[in-house]
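# Observations on chain architecture
Spelled out, the chains give:
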Amino acid sequence: MGRGLVAGLLALVAGLFAASLLVGPAGLAPVQALSALIWGDALAETLVMREIRLPRAILAVLVGAALGLAGAAMQGYLRNPLAEPGLIGVSGSAALGAVLALQTGLAAAHVLALPFAALSGAVLAVLIILALAGPRGGSITLILAGIAVSALAGALTSLVLNLSPNPFAASEIVFWMMGSLQDRSMTHVWLAAPFIGLGAVVLLAQGRKFDALTLGEDAAVSMGVHLGRLRLTLVLGVASMVGAATAVAGAIGFVGLVVPHILRPLVGARPSVLLPASALGGAVLVLMADIAVRVILPTRDLKLGVLTAIVGAPLFLHLIYKTRAQGQL
Amino acid sequence: MTGLTLTDFSVARGPCDVLRDISLSIGPGECVGLLGPNGAGKTTLMRGALGLMKHRGRSSLSDLPLQTRAKTVAWLPQAREIAWPVSVETLIALGRLPHLAPGAKPSTADQAAIDSAIARMGLEGFRDRIATQLSGGEQARVLIARALAQATPVLMVDEPAAGLDPAHQITLMQTLATEATGGRCVITSMHDLGLAARFCTRLVVLSRGGVAADGPPHRVLTPEMLADVFQIRAHIAQTEHGPIVQPVGVIG
(Lines give C-alpha, C1' and ligand atoms only; values in the text may rest on other atoms or scores of the structure.)
Protein backbone atom coordinates (compact mmCIF):
# COMPACT_ATOMS: atom_id res chain seq x y z
CA MET A 1 0.00 0.00 0.00
CA GLY A 2 2.67 2.50 1.05
CA ARG A 3 5.15 1.65 -1.70
CA GLY A 4 2.66 1.95 -4.56
CA LEU A 5 1.48 5.29 -3.26
CA VAL A 6 5.03 6.63 -2.93
CA ALA A 7 5.82 5.47 -6.48
CA GLY A 8 2.67 7.14 -7.79
CA LEU A 9 3.45 10.38 -5.98
CA LEU A 10 7.03 10.32 -7.30
CA ALA A 11 5.75 9.98 -10.84
CA LEU A 12 3.33 12.84 -10.22
CA VAL A 13 6.14 15.05 -8.89
CA ALA A 14 8.28 14.26 -11.95
CA GLY A 15 5.43 15.02 -14.37
CA LEU A 16 4.47 18.26 -12.65
CA PHE A 17 8.13 19.29 -12.43
CA ALA A 18 8.39 18.98 -16.21
CA ALA A 19 5.10 20.81 -16.66
CA SER A 20 6.33 23.59 -14.40
CA LEU A 21 9.41 23.98 -16.61
CA LEU A 22 7.21 24.34 -19.68
CA VAL A 23 4.78 26.98 -18.41
CA GLY A 24 5.65 30.64 -18.52
CA PRO A 25 5.17 33.99 -20.20
CA ALA A 26 8.11 33.51 -22.58
CA GLY A 27 5.95 31.06 -24.53
CA LEU A 28 8.73 28.65 -25.48
CA ALA A 29 7.87 25.51 -27.42
CA PRO A 30 8.34 22.44 -25.19
CA VAL A 31 11.05 20.71 -27.26
CA GLN A 32 12.95 23.93 -27.77
CA ALA A 33 12.66 24.77 -24.05
CA LEU A 34 13.96 21.42 -22.84
CA SER A 35 16.81 21.37 -25.35
CA ALA A 36 17.77 24.91 -24.27
CA LEU A 37 17.71 23.77 -20.65
CA ILE A 38 19.78 20.64 -21.15
CA TRP A 39 22.19 21.54 -23.94
CA GLY A 40 22.35 25.31 -23.43
CA ASP A 41 22.21 25.80 -27.19
CA ALA A 42 20.13 28.96 -27.39
CA LEU A 43 21.22 31.98 -25.42
CA ALA A 44 17.94 33.68 -24.49
CA GLU A 45 16.00 30.46 -24.06
CA THR A 46 18.74 28.90 -21.95
CA LEU A 47 18.74 31.95 -19.72
CA VAL A 48 14.97 31.73 -19.24
CA MET A 49 15.06 28.01 -18.55
CA ARG A 50 18.12 27.86 -16.32
CA GLU A 51 17.81 31.10 -14.42
CA ILE A 52 14.04 31.53 -14.11
CA ARG A 53 12.04 28.35 -14.62
CA LEU A 54 14.43 25.74 -13.23
CA PRO A 55 14.95 27.43 -9.83
CA ARG A 56 11.21 28.07 -9.63
CA ALA A 57 10.36 24.41 -10.23
CA ILE A 58 13.07 23.18 -7.83
CA LEU A 59 11.91 25.58 -5.15
CA ALA A 60 8.30 24.43 -5.58
CA VAL A 61 9.44 20.86 -4.88
CA LEU A 62 11.63 21.87 -1.92
CA VAL A 63 9.09 24.19 -0.30
CA GLY A 64 6.20 21.76 -0.87
CA ALA A 65 8.16 18.83 0.52
CA ALA A 66 9.27 20.90 3.53
CA LEU A 67 5.73 21.98 4.40
CA GLY A 68 4.16 18.56 3.80
CA LEU A 69 6.78 16.68 5.82
CA ALA A 70 6.84 19.22 8.64
CA GLY A 71 3.04 19.05 8.83
CA ALA A 72 3.02 15.25 9.01
CA ALA A 73 5.72 15.32 11.71
CA MET A 74 3.87 17.90 13.82
CA GLN A 75 0.64 15.92 13.53
CA GLY A 76 2.44 12.70 14.39
CA TYR A 77 4.11 14.15 17.46
CA LEU A 78 1.03 15.96 18.79
CA ARG A 79 -1.32 13.15 17.68
CA ASN A 80 -3.66 15.80 16.37
CA PRO A 81 -4.80 16.17 12.76
CA LEU A 82 -5.15 19.92 13.23
CA ALA A 83 -1.47 20.50 13.97
CA GLU A 84 0.52 22.28 11.27
CA PRO A 85 4.10 23.45 10.82
CA GLY A 86 3.22 27.05 11.69
CA LEU A 87 2.08 25.94 15.14
CA ILE A 88 5.49 26.31 16.76
CA GLY A 89 5.72 29.92 15.56
CA VAL A 90 8.61 29.40 13.16
CA SER A 91 6.86 30.60 10.00
CA GLY A 92 5.52 33.70 11.76
CA SER A 93 8.97 34.56 13.10
CA ALA A 94 10.63 33.90 9.76
CA ALA A 95 8.09 36.24 8.17
CA LEU A 96 8.89 38.87 10.78
CA GLY A 97 12.59 38.63 9.94
CA ALA A 98 11.81 39.04 6.26
CA VAL A 99 9.50 41.97 6.92
CA LEU A 100 12.22 43.72 8.92
CA ALA A 101 14.65 43.20 6.03
CA LEU A 102 12.15 44.71 3.60
CA GLN A 103 11.35 47.60 5.94
CA THR A 104 14.94 48.57 6.64
CA GLY A 105 15.91 48.37 2.99
CA LEU A 106 18.42 45.57 3.63
CA ALA A 107 16.47 43.38 1.24
CA ALA A 108 17.15 45.81 -1.61
CA ALA A 109 20.85 46.02 -0.73
CA HIS A 110 21.61 42.32 -1.15
CA VAL A 111 19.67 39.45 -2.66
CA LEU A 112 20.37 37.16 0.30
CA ALA A 113 19.59 39.72 3.00
CA LEU A 114 15.90 38.83 3.09
CA PRO A 115 16.24 35.04 3.30
CA PHE A 116 18.98 35.39 5.91
CA ALA A 117 16.85 37.75 7.99
CA ALA A 118 13.98 35.26 7.74
CA LEU A 119 16.20 32.38 8.83
CA SER A 120 17.45 34.44 11.77
CA GLY A 121 13.83 35.02 12.75
CA ALA A 122 13.20 31.27 12.63
CA VAL A 123 16.29 30.53 14.74
CA LEU A 124 15.23 33.11 17.32
CA ALA A 125 11.78 31.51 17.52
CA VAL A 126 13.34 28.10 18.09
CA LEU A 127 15.53 29.44 20.90
CA ILE A 128 12.54 31.02 22.64
CA ILE A 129 10.45 27.87 22.24
CA LEU A 130 13.21 25.62 23.53
CA ALA A 131 13.75 27.92 26.50
CA LEU A 132 10.03 27.73 27.30
CA ALA A 133 9.21 24.14 26.39
CA GLY A 134 12.75 22.82 26.73
CA PRO A 135 13.71 19.25 27.59
CA ARG A 136 11.22 18.87 30.44
CA GLY A 137 8.11 20.57 29.00
CA GLY A 138 5.26 18.49 27.61
CA SER A 139 3.53 18.81 24.27
CA ILE A 140 0.97 21.26 25.67
CA THR A 141 3.80 23.58 26.74
CA LEU A 142 5.19 23.29 23.21
CA ILE A 143 1.86 24.29 21.66
CA LEU A 144 1.36 27.17 24.08
CA ALA A 145 4.91 28.43 23.55
CA GLY A 146 4.37 28.21 19.79
CA ILE A 147 1.10 30.14 19.96
CA ALA A 148 2.72 32.82 22.12
CA VAL A 149 5.68 33.19 19.76
CA SER A 150 3.35 33.28 16.73
CA ALA A 151 1.22 35.95 18.34
CA LEU A 152 4.25 38.04 19.24
CA ALA A 153 5.72 37.72 15.74
CA GLY A 154 2.33 38.65 14.24
CA ALA A 155 2.04 41.67 16.50
CA LEU A 156 5.55 42.87 15.65
CA THR A 157 4.86 42.37 11.94
CA SER A 158 1.75 44.52 12.31
CA LEU A 159 3.81 47.11 14.16
CA VAL A 160 6.31 47.27 11.30
CA LEU A 161 3.47 47.68 8.79
CA ASN A 162 1.83 50.24 11.04
CA LEU A 163 4.96 52.38 11.26
CA SER A 164 5.93 51.86 7.66
CA PRO A 165 7.10 55.25 6.28
CA ASN A 166 5.55 54.89 2.85
CA PRO A 167 2.77 52.91 1.21
CA PHE A 168 5.17 51.25 -1.22
CA ALA A 169 7.18 49.60 1.52
CA ALA A 170 3.93 48.49 3.17
CA SER A 171 2.53 46.99 -0.01
CA GLU A 172 5.83 45.29 -0.78
CA ILE A 173 5.70 43.69 2.66
CA VAL A 174 2.08 42.63 2.27
CA PHE A 175 2.77 41.11 -1.13
CA TRP A 176 5.84 39.27 0.15
CA MET A 177 3.84 37.79 2.99
CA MET A 178 1.33 36.31 0.55
CA GLY A 179 3.98 33.87 -0.58
CA SER A 180 5.32 33.38 -4.08
CA LEU A 181 8.00 31.59 -6.09
CA GLN A 182 8.24 34.24 -8.78
CA ASP A 183 11.65 35.66 -9.71
CA ARG A 184 13.65 33.35 -7.49
CA SER A 185 17.16 32.37 -8.57
CA MET A 186 19.45 29.40 -8.08
CA THR A 187 20.94 31.37 -5.17
CA HIS A 188 17.64 30.87 -3.34
CA VAL A 189 17.77 27.16 -4.15
CA TRP A 190 21.30 26.80 -2.75
CA LEU A 191 20.28 28.72 0.35
CA ALA A 192 17.16 26.68 1.12
CA ALA A 193 18.23 23.21 -0.04
CA PRO A 194 20.72 22.38 2.77
CA PHE A 195 18.32 23.40 5.55
CA ILE A 196 15.37 21.58 3.99
CA GLY A 197 17.49 18.53 3.18
CA LEU A 198 18.91 18.34 6.69
CA GLY A 199 15.48 18.77 8.29
CA ALA A 200 14.05 16.07 6.00
CA VAL A 201 16.76 13.54 6.87
CA VAL A 202 16.33 14.19 10.59
CA LEU A 203 12.52 14.01 10.58
CA LEU A 204 12.22 10.99 8.27
CA ALA A 205 14.41 9.03 10.71
CA GLN A 206 11.86 9.54 13.51
CA GLY A 207 9.05 7.59 11.79
CA ARG A 208 8.91 4.69 14.24
CA LYS A 209 8.85 6.99 17.23
CA PHE A 210 5.79 8.73 15.81
CA ASP A 211 4.28 5.26 15.25
CA ALA A 212 4.86 4.40 18.91
CA LEU A 213 3.23 7.68 19.95
CA THR A 214 -0.03 6.38 18.43
CA LEU A 215 -0.46 4.66 21.82
CA GLY A 216 0.12 7.84 23.83
CA GLU A 217 3.19 9.31 25.51
CA ASP A 218 3.36 6.87 28.45
CA ALA A 219 3.19 3.80 26.24
CA ALA A 220 5.69 5.30 23.78
CA VAL A 221 8.23 5.95 26.54
CA SER A 222 7.77 2.41 27.81
CA MET A 223 8.55 1.20 24.29
CA GLY A 224 11.88 3.01 24.33
CA VAL A 225 11.04 6.44 22.89
CA HIS A 226 13.02 9.24 24.52
CA LEU A 227 10.32 11.93 24.45
CA GLY A 228 12.53 14.90 25.33
CA ARG A 229 14.99 14.02 22.60
CA LEU A 230 12.18 13.47 20.09
CA ARG A 231 10.68 16.88 20.91
CA LEU A 232 14.04 18.59 20.45
CA THR A 233 14.59 16.79 17.13
CA LEU A 234 11.10 17.72 16.00
CA VAL A 235 11.48 21.42 16.82
CA LEU A 236 14.88 21.65 15.15
CA GLY A 237 13.83 19.66 12.08
CA VAL A 238 10.57 21.53 11.54
CA ALA A 239 12.23 24.89 12.18
CA SER A 240 15.04 24.16 9.74
CA MET A 241 12.63 23.13 6.98
CA VAL A 242 9.87 25.67 7.53
CA GLY A 243 12.27 28.51 8.30
CA ALA A 244 14.12 27.92 5.03
CA ALA A 245 10.88 27.48 3.06
CA THR A 246 9.42 30.71 4.45
CA ALA A 247 12.72 32.50 3.84
CA VAL A 248 12.66 31.80 0.10
CA ALA A 249 8.93 31.64 -0.62
CA GLY A 250 7.09 33.66 2.03
CA ALA A 251 4.19 32.30 4.00
CA ILE A 252 2.40 29.48 2.16
CA GLY A 253 -0.48 28.19 4.22
CA PHE A 254 -2.58 25.05 4.31
CA VAL A 255 -0.06 22.75 2.60
CA GLY A 256 1.24 21.35 5.88
CA LEU A 257 -2.28 20.94 7.22
CA VAL A 258 -4.12 19.54 4.20
CA VAL A 259 -1.54 17.21 2.64
CA PRO A 260 -1.12 14.81 5.61
CA HIS A 261 -4.89 14.87 6.06
CA ILE A 262 -5.53 13.83 2.44
CA LEU A 263 -2.87 11.13 2.44
CA ARG A 264 -3.55 9.61 5.89
CA PRO A 265 -6.31 7.21 4.75
CA LEU A 266 -4.12 6.11 1.82
CA VAL A 267 -1.26 4.95 4.07
CA GLY A 268 -3.43 3.14 6.62
CA ALA A 269 -2.92 6.11 8.99
CA ARG A 270 0.60 4.94 9.90
CA PRO A 271 2.63 8.04 10.87
CA SER A 272 5.93 6.55 9.67
CA VAL A 273 4.59 5.99 6.13
CA LEU A 274 2.79 9.32 6.18
CA LEU A 275 6.07 11.24 6.53
CA PRO A 276 7.61 10.47 3.10
CA ALA A 277 4.17 10.42 1.46
CA SER A 278 3.40 13.90 2.79
CA ALA A 279 6.77 15.24 1.61
CA LEU A 280 5.93 14.08 -1.93
CA GLY A 281 2.29 15.17 -1.60
CA GLY A 282 3.40 18.65 -0.51
CA ALA A 283 5.69 18.89 -3.53
CA VAL A 284 2.78 17.85 -5.79
CA LEU A 285 0.43 20.42 -4.26
CA VAL A 286 2.86 23.35 -4.44
CA LEU A 287 3.95 22.45 -8.00
CA MET A 288 0.30 22.31 -9.06
CA ALA A 289 -0.50 25.59 -7.34
CA ASP A 290 2.54 27.29 -8.82
CA ILE A 291 1.58 26.12 -12.31
CA ALA A 292 -1.99 27.26 -11.67
CA VAL A 293 -1.00 30.81 -10.69
CA ARG A 294 0.77 31.12 -14.04
CA VAL A 295 -2.06 29.60 -16.07
CA ILE A 296 -5.12 31.14 -14.40
CA LEU A 297 -4.04 34.77 -14.42
CA PRO A 298 -0.92 35.02 -16.58
CA THR A 299 -1.09 38.80 -16.73
CA ARG A 300 -1.70 39.44 -13.06
CA ASP A 301 0.69 38.45 -10.31
CA LEU A 302 -1.51 35.93 -8.48
CA LYS A 303 0.30 34.91 -5.31
CA LEU A 304 0.99 31.26 -4.60
CA GLY A 305 0.10 31.51 -0.90
CA VAL A 306 -3.24 33.11 -1.76
CA LEU A 307 -4.09 30.29 -4.13
CA THR A 308 -3.11 27.49 -1.71
CA ALA A 309 -5.28 29.10 0.97
CA ILE A 310 -8.23 29.64 -1.38
CA VAL A 311 -8.10 26.05 -2.62
CA GLY A 312 -6.91 24.54 0.67
CA ALA A 313 -9.51 25.95 3.03
CA PRO A 314 -12.62 24.66 1.19
CA LEU A 315 -10.84 21.35 0.57
CA PHE A 316 -10.18 21.11 4.27
CA LEU A 317 -13.83 21.87 5.06
CA HIS A 318 -14.86 19.12 2.67
CA LEU A 319 -12.47 16.66 4.31
CA ILE A 320 -13.75 17.48 7.77
CA TYR A 321 -17.31 17.01 6.54
CA LYS A 322 -16.44 13.65 5.00
CA THR A 323 -14.53 12.44 8.07
CA ARG A 324 -17.38 13.50 10.30
CA ALA A 325 -19.86 11.59 8.13
CA GLN A 326 -17.73 8.45 8.62
CA GLY A 327 -17.80 9.04 12.35
CA GLN A 328 -14.03 9.18 12.70
CA LEU A 329 -13.69 12.65 14.14
CA MET B 1 16.37 -11.90 38.26
CA THR B 2 13.82 -10.52 35.86
CA GLY B 3 11.01 -9.12 37.87
CA LEU B 4 10.54 -5.97 39.87
CA THR B 5 12.41 -5.01 42.99
CA LEU B 6 11.61 -1.78 44.80
CA THR B 7 13.87 -0.59 47.60
CA ASP B 8 12.87 2.31 49.91
CA PHE B 9 10.76 3.49 47.02
CA SER B 10 8.92 6.83 47.42
CA VAL B 11 7.04 8.98 44.96
CA ALA B 12 6.03 12.56 45.68
CA ARG B 13 3.30 14.54 43.99
CA GLY B 14 3.73 18.18 44.83
CA PRO B 15 4.76 18.59 48.48
CA CYS B 16 3.38 15.31 49.84
CA ASP B 17 4.49 11.73 49.31
CA VAL B 18 1.93 9.54 47.58
CA LEU B 19 4.04 6.47 48.33
CA ARG B 20 6.56 6.21 51.18
CA ASP B 21 9.49 3.83 51.63
CA ILE B 22 8.04 0.84 49.86
CA SER B 23 10.22 -2.25 49.55
CA LEU B 24 8.82 -5.01 47.42
CA SER B 25 10.14 -7.83 45.31
CA ILE B 26 8.13 -9.56 42.61
CA GLY B 27 9.63 -12.45 40.70
CA PRO B 28 8.94 -14.48 37.56
CA GLY B 29 5.89 -16.73 37.64
CA GLU B 30 3.94 -14.41 39.93
CA CYS B 31 0.63 -12.85 38.93
CA VAL B 32 0.37 -9.94 41.31
CA GLY B 33 -2.87 -8.04 41.81
CA LEU B 34 -2.30 -4.49 42.98
CA LEU B 35 -5.29 -3.44 45.10
CA GLY B 36 -6.28 -0.31 46.93
CA PRO B 37 -8.99 2.32 47.05
CA ASN B 38 -9.01 5.22 44.58
CA GLY B 39 -6.00 7.43 45.13
CA ALA B 40 -4.05 4.79 47.05
CA GLY B 41 -1.22 5.06 44.52
CA LYS B 42 -1.60 1.94 42.37
CA THR B 43 -0.94 3.77 39.10
CA THR B 44 1.72 5.92 40.76
CA LEU B 45 3.55 2.82 41.99
CA MET B 46 3.62 1.31 38.52
CA ARG B 47 4.53 4.52 36.67
CA GLY B 48 7.23 5.31 39.19
CA ALA B 49 8.64 1.79 39.02
CA LEU B 50 8.74 2.12 35.22
CA GLY B 51 10.67 5.38 35.44
CA LEU B 52 7.77 7.41 34.03
CA MET B 53 7.62 9.48 37.23
CA LYS B 54 10.39 10.83 39.40
CA HIS B 55 10.97 8.74 42.49
CA ARG B 56 13.36 8.32 45.37
CA GLY B 57 14.85 4.97 46.30
CA ARG B 58 15.52 2.22 43.79
CA SER B 59 13.43 0.44 41.21
CA SER B 60 15.11 -2.39 39.34
CA LEU B 61 13.17 -1.44 36.20
CA SER B 62 13.76 2.29 36.13
CA ASP B 63 17.46 1.59 36.74
CA LEU B 64 17.63 -0.01 33.29
CA PRO B 65 18.52 2.08 30.23
CA LEU B 66 15.43 3.06 28.18
CA GLN B 67 16.02 0.59 25.33
CA THR B 68 16.72 -2.36 27.65
CA ARG B 69 13.70 -1.43 29.74
CA ALA B 70 11.50 -1.58 26.63
CA LYS B 71 12.61 -5.18 26.08
CA THR B 72 12.16 -6.05 29.76
CA VAL B 73 8.75 -4.65 30.64
CA ALA B 74 5.58 -4.00 28.66
CA TRP B 75 3.31 -1.31 30.08
CA LEU B 76 -0.37 -0.84 29.38
CA PRO B 77 -1.53 2.55 30.69
CA GLN B 78 -5.03 3.05 31.99
CA ALA B 79 -5.81 5.72 29.37
CA ARG B 80 -6.57 3.65 26.32
CA GLU B 81 -5.21 5.95 23.68
CA ILE B 82 -5.34 5.12 19.98
CA ALA B 83 -4.50 8.32 18.15
CA TRP B 84 -4.92 7.27 14.52
CA PRO B 85 -7.36 5.01 12.64
CA VAL B 86 -4.82 2.24 12.07
CA SER B 87 -5.74 -1.42 11.54
CA VAL B 88 -5.82 -3.75 14.54
CA GLU B 89 -2.85 -5.75 13.24
CA THR B 90 -0.78 -2.59 12.69
CA LEU B 91 -1.55 -1.49 16.23
CA ILE B 92 -0.59 -4.82 17.77
CA ALA B 93 2.58 -4.86 15.64
CA LEU B 94 3.67 -1.66 17.44
CA GLY B 95 4.53 -3.94 20.37
CA ARG B 96 7.45 -5.26 18.32
CA LEU B 97 9.07 -1.82 17.92
CA PRO B 98 11.53 -2.27 20.83
CA HIS B 99 12.83 -5.45 19.21
CA LEU B 100 13.41 -4.02 15.72
CA ALA B 101 16.89 -2.89 14.71
CA PRO B 102 16.90 0.55 13.08
CA GLY B 103 15.59 0.27 9.53
CA ALA B 104 14.88 -3.46 9.85
CA LYS B 105 11.58 -4.96 8.74
CA PRO B 106 9.60 -7.19 11.13
CA SER B 107 11.01 -10.73 10.94
CA THR B 108 9.09 -14.01 10.96
CA ALA B 109 9.72 -14.15 14.73
CA ASP B 110 8.08 -10.73 15.09
CA GLN B 111 5.12 -11.85 12.99
CA ALA B 112 4.82 -15.01 15.11
CA ALA B 113 4.70 -12.90 18.29
CA ILE B 114 2.01 -10.70 16.73
CA ASP B 115 -0.05 -13.69 15.58
CA SER B 116 0.26 -15.35 18.97
CA ALA B 117 -0.87 -12.17 20.77
CA ILE B 118 -3.85 -11.90 18.40
CA ALA B 119 -4.77 -15.54 19.08
CA ARG B 120 -4.41 -15.20 22.85
CA MET B 121 -6.74 -12.19 22.95
CA GLY B 122 -9.23 -13.84 20.57
CA LEU B 123 -8.89 -11.11 17.96
CA GLU B 124 -8.58 -13.28 14.83
CA GLY B 125 -11.62 -11.77 13.17
CA PHE B 126 -10.46 -8.23 13.94
CA ARG B 127 -7.08 -8.11 12.17
CA ASP B 128 -8.12 -5.73 9.40
CA ARG B 129 -10.66 -3.71 11.37
CA ILE B 130 -9.88 -0.06 12.10
CA ALA B 131 -8.90 0.09 15.76
CA THR B 132 -10.55 3.45 16.48
CA GLN B 133 -13.90 2.16 15.21
CA LEU B 134 -14.06 -0.71 17.72
CA SER B 135 -16.01 -0.58 20.96
CA GLY B 136 -14.21 0.42 24.16
CA GLY B 137 -13.92 -3.15 25.38
CA GLU B 138 -12.61 -4.36 22.03
CA GLN B 139 -10.06 -1.57 21.96
CA ALA B 140 -8.93 -2.61 25.43
CA ARG B 141 -8.35 -6.16 24.21
CA VAL B 142 -6.41 -4.90 21.17
CA LEU B 143 -4.19 -2.79 23.43
CA ILE B 144 -3.58 -5.74 25.76
CA ALA B 145 -2.60 -7.78 22.70
CA ARG B 146 -0.09 -5.05 21.84
CA ALA B 147 1.48 -5.41 25.28
CA LEU B 148 1.56 -9.22 24.91
CA ALA B 149 3.22 -8.89 21.49
CA GLN B 150 6.05 -6.98 23.15
CA ALA B 151 6.94 -10.39 24.66
CA THR B 152 8.76 -9.03 27.70
CA PRO B 153 9.60 -10.93 30.91
CA VAL B 154 7.60 -8.38 32.92
CA LEU B 155 4.07 -7.28 32.07
CA MET B 156 2.51 -4.32 33.89
CA VAL B 157 -1.09 -3.42 33.23
CA ASP B 158 -3.23 -0.70 34.77
CA GLU B 159 -6.85 -1.77 35.33
CA PRO B 160 -7.05 -3.95 32.23
CA ALA B 161 -10.43 -5.41 33.18
CA ALA B 162 -12.24 -2.05 33.36
CA GLY B 163 -14.92 -1.83 30.69
CA LEU B 164 -14.79 -5.48 29.67
CA ASP B 165 -17.86 -7.72 29.72
CA PRO B 166 -17.83 -10.58 32.28
CA ALA B 167 -16.71 -13.22 29.78
CA HIS B 168 -13.81 -11.10 28.57
CA GLN B 169 -12.86 -10.13 32.13
CA ILE B 170 -12.50 -13.80 32.97
CA THR B 171 -10.68 -14.61 29.72
CA LEU B 172 -8.33 -11.68 30.31
CA MET B 173 -7.50 -12.76 33.85
CA GLN B 174 -6.98 -16.33 32.64
CA THR B 175 -4.62 -15.01 29.96
CA LEU B 176 -2.65 -13.01 32.54
CA ALA B 177 -2.51 -16.01 34.90
CA THR B 178 -1.30 -18.22 32.04
CA GLU B 179 1.42 -15.68 31.18
CA ALA B 180 2.58 -15.88 34.78
CA THR B 181 2.49 -19.68 34.81
CA GLY B 182 4.61 -19.54 31.68
CA GLY B 183 7.33 -17.73 33.63
CA ARG B 184 6.48 -14.09 33.15
CA CYS B 185 6.12 -11.62 35.98
CA VAL B 186 2.65 -10.08 35.74
CA ILE B 187 1.59 -7.04 37.76
CA THR B 188 -1.93 -5.74 37.34
CA SER B 189 -3.86 -3.11 39.23
CA MET B 190 -7.53 -3.89 39.68
CA HIS B 191 -10.67 -3.11 41.63
CA ASP B 192 -12.56 -6.39 41.30
CA LEU B 193 -11.74 -8.29 44.50
CA GLY B 194 -13.45 -11.42 43.22
CA LEU B 195 -11.27 -11.64 40.11
CA ALA B 196 -8.21 -10.81 42.20
CA ALA B 197 -8.99 -13.62 44.63
CA ARG B 198 -9.47 -16.19 41.90
CA PHE B 199 -6.72 -15.47 39.40
CA CYS B 200 -3.82 -13.77 41.19
CA THR B 201 -1.08 -15.73 42.94
CA ARG B 202 -0.30 -12.79 45.20
CA LEU B 203 -2.05 -9.58 46.22
CA VAL B 204 -0.41 -6.31 47.27
CA VAL B 205 -2.77 -3.85 48.96
CA LEU B 206 -1.79 -0.20 48.98
CA SER B 207 -3.19 2.18 51.55
CA ARG B 208 -2.11 5.54 53.01
CA GLY B 209 1.14 5.60 51.09
CA GLY B 210 2.34 2.16 52.11
CA VAL B 211 1.76 -1.56 51.67
CA ALA B 212 -1.16 -2.54 53.92
CA ALA B 213 -1.07 -6.23 53.07
CA ASP B 214 1.03 -8.51 50.89
CA GLY B 215 0.63 -12.23 50.35
CA PRO B 216 -1.47 -14.96 48.79
CA PRO B 217 -5.13 -13.97 48.22
CA HIS B 218 -6.62 -16.03 51.07
CA ARG B 219 -4.25 -14.40 53.59
CA VAL B 220 -4.74 -10.88 52.29
CA LEU B 221 -8.50 -10.81 51.74
CA THR B 222 -9.62 -10.89 55.36
CA PRO B 223 -12.66 -9.12 56.82
CA GLU B 224 -10.30 -6.98 58.95
CA MET B 225 -8.24 -5.78 55.96
CA LEU B 226 -11.36 -5.07 53.86
CA ALA B 227 -12.88 -3.08 56.70
CA ASP B 228 -9.68 -1.19 57.45
CA VAL B 229 -8.55 -0.37 53.90
CA PHE B 230 -11.72 -0.42 51.81
CA GLN B 231 -14.35 0.30 54.49
CA ILE B 232 -16.51 -2.56 53.22
CA ARG B 233 -18.02 -5.77 54.49
CA ALA B 234 -17.74 -8.75 52.19
CA HIS B 235 -18.96 -12.29 51.85
CA ILE B 236 -15.82 -14.46 51.71
CA ALA B 237 -16.14 -18.17 50.97
CA GLN B 238 -14.11 -21.09 49.72
CA THR B 239 -16.07 -22.94 47.02
CA GLU B 240 -15.47 -25.59 44.42
CA HIS B 241 -14.83 -22.71 41.96
CA GLY B 242 -12.12 -21.27 44.16
CA PRO B 243 -12.32 -18.37 46.59
CA ILE B 244 -15.32 -16.04 46.31
CA VAL B 245 -15.18 -12.48 47.57
CA GLN B 246 -18.35 -10.47 47.16
CA PRO B 247 -18.60 -7.02 48.76
CA VAL B 248 -22.00 -6.71 50.45
CA GLY B 249 -21.99 -3.39 52.24
CA VAL B 250 -20.16 -0.23 53.21
CA ILE B 251 -19.04 0.34 56.79
CA GLY B 252 -19.99 3.61 58.38
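What counts and how
- Residues numbered from 1 in each chain as written.
- Chains lettered and ligands numbered in written order.
- Predicted model: local features only at pLDDT ≥ 70, side-chain atom pairs only at ≥ 80, totals over all residues.
- Heavy atoms only, no water.
- Helix = DSSP H or I, 4+ residues; strand = E, 2+ residues; numbered from the N terminus.
- Rg over C-alpha atoms; globule rule 2.2 N^0.38 Å.
- Buried < 20%, exposed > 50% of the residue type's maximum accessible area, 1.4 Å probe, protein only.
- Contact = heavy atoms within 4.5 Å.
- Areas by Shrake-Rupley, 256 points an atom, 1.4 Å probe, with all protein chains shown as cover.
- Lys, Arg positive; Asp, Glu negative; His and termini not counted.
- Charge placed at Lys NZ, Arg CZ, Asp CG, Glu CD.
- Expected span 1.5 Å × (residues − 1).
- Pairing = 2+ DSSP bridges.
- Axes fitted to C-alpha atoms, helices over the stretch in contact; angles between N-to-C directions.
- pLDDT = per-residue confidence, 0-100.

Of regular secondary structure, chain A possesses 15 helices and 0 strands. Against the globule reference of 20 Å for 329 residues, chain A gives a C-alpha radius of gyration of 20 Å, in line with a compact fold. Across its three principal axes, chain A shows a C-alpha extent of roughly 60 × 50 × 35 Å. Per-residue burial over chain A gives 53% buried out of 329 residues. Across chain A, contacts joining residues at least 24 apart in sequence account for 76% of those joining residues at least 6 apart. Accessible surface for chain A amounts to roughly 14100 Å². Of this, 72% is attributable to carbon and sulfur atoms. Looking at charge distribution, chain A has the averaged site of its 18 positive side-chain charges lying 10 Å from that of its 11 negative ones.

This part covers helix H6 (residues 113-133) of chain A. Residues and elements named next belong to chain A. Its 21 residues give H6 an end-to-end C-alpha distance of 30 Å, which sits within 8% of 30 Å, the value for a rise of 1.5 Å per residue. Those residues of H6 not exposed but buried are Ala113, Leu114, Pro115, Ala118, Leu119, Gly121, Ala122, Ala125, Val126, Ile129 and Ala133. Elements in contact with the buried residues of H6: helix H4 (90-104), helix H5 (106-109), helix H7 (139-162), helix H8 (167-177), helix H9 (186-204) and helix H12 (227-249).

Turning to the sheet that holds strand E8 (residues 202-207) of chain B, a few remarks are in order. Residue and element names in this part refer to chain B. Read from one edge of the open sheet, 6 strands run E5-E6-E7-E3-E8-E9, paired in mixed fashion. Edge strands, defined here as strands with exactly one partner in the open sheet, are strand E5 (73-76) and strand E9 (210-215). Strand after strand, the sheet turns through a mean of 15° between neighbouring axes, direction not considered. With 5 bridges joining them, strand E6 (residues 154-158) and strand E7 (residues 185-189) adopt parallel strand pairing.

Right, let's talk about the confidence of the model for chain B for a bit. Summary statistics for chain B give a mean pLDDT of 92 and a share of 100% for residues scoring 70 or more. Under the prediction, the complex receives an ipTM of 0.91, its pTM being 0.91.

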